[in-house]
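Okay, here's what each chain looks like letter by letter:
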Amino acid sequence: MLARYWKKIGVFILIVACIFNVMLKFVHKTSLKQELEASATYMEQQNQDENKNLDK
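Scope of this entry: the structure provided in the associated data block. Starting afresh in each chain, residues are numbered from 1 along the sequence in its written order. Reporting in this predicted model follows two pLDDT cut-offs: at least 70 for local features of residues, and 80 or more for side-chain atom pairs to be given and counted; totals over whole chains, interfaces and linings ignore these cut-offs and use all residues. Note: side-chain values were computed over all heavy atoms of the structure, leaving out hydrogens and water.

Quick word on helix 1 (residues 2-27)
- Compared with an ideal rise of 1.5 Å per residue, which puts 26 residues at 38 Å, helix 1 spans 35 Å between its outermost C-alpha atoms and is within 8% of the ideal.
- At every residue, the bend is computed as the angle between two fitted axes, covering the seven residues ending there and the seven beginning there respectively. Helix and strand definitions here come from DSSP, where helices need a minimum of 4 consecutive H or I residues and strands a minimum of 2 consecutive E residues; each element is numbered from the N-terminal end. Lys-8 marks where helix 1 bends most, by close to 35°.
- Partly exposed residues are those whose accessible area sits between 20% and 50% of the maximum for their type, while under 20% is buried and over 50% is exposed, using a 1.4 Å probe and protein chains only. Burial analysis of helix 1 places just zero of its 26 residues in the buried class, a small minority of the element. The length a helix should cover is 1.5 Å for every residue beyond the first.

What about the environment of Val-11?
- Positionally, Val-11 belongs in helix 1.
- The class for Val-11 is partly exposed, based on a relative accessible area of 47%.
- In this structure the C-alpha to C-alpha distance between Val-11 and Leu-32, which are 21 residues apart in sequence, comes to 33 Å.

Written out as structure tokens, the structure reads:
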């Protein structure tokens, strides 16, 4: 019986996984401001590390 319906079962699992993924992203969505601040902090840290390496 499973061999007969494996495509339908696979598609159903895929649809459920996609819906779960989208809902998880909506629930745990970070704001654009937080993303930009995190990126700026990361870039500053990278520049500081490069400057320290150049000074050595």
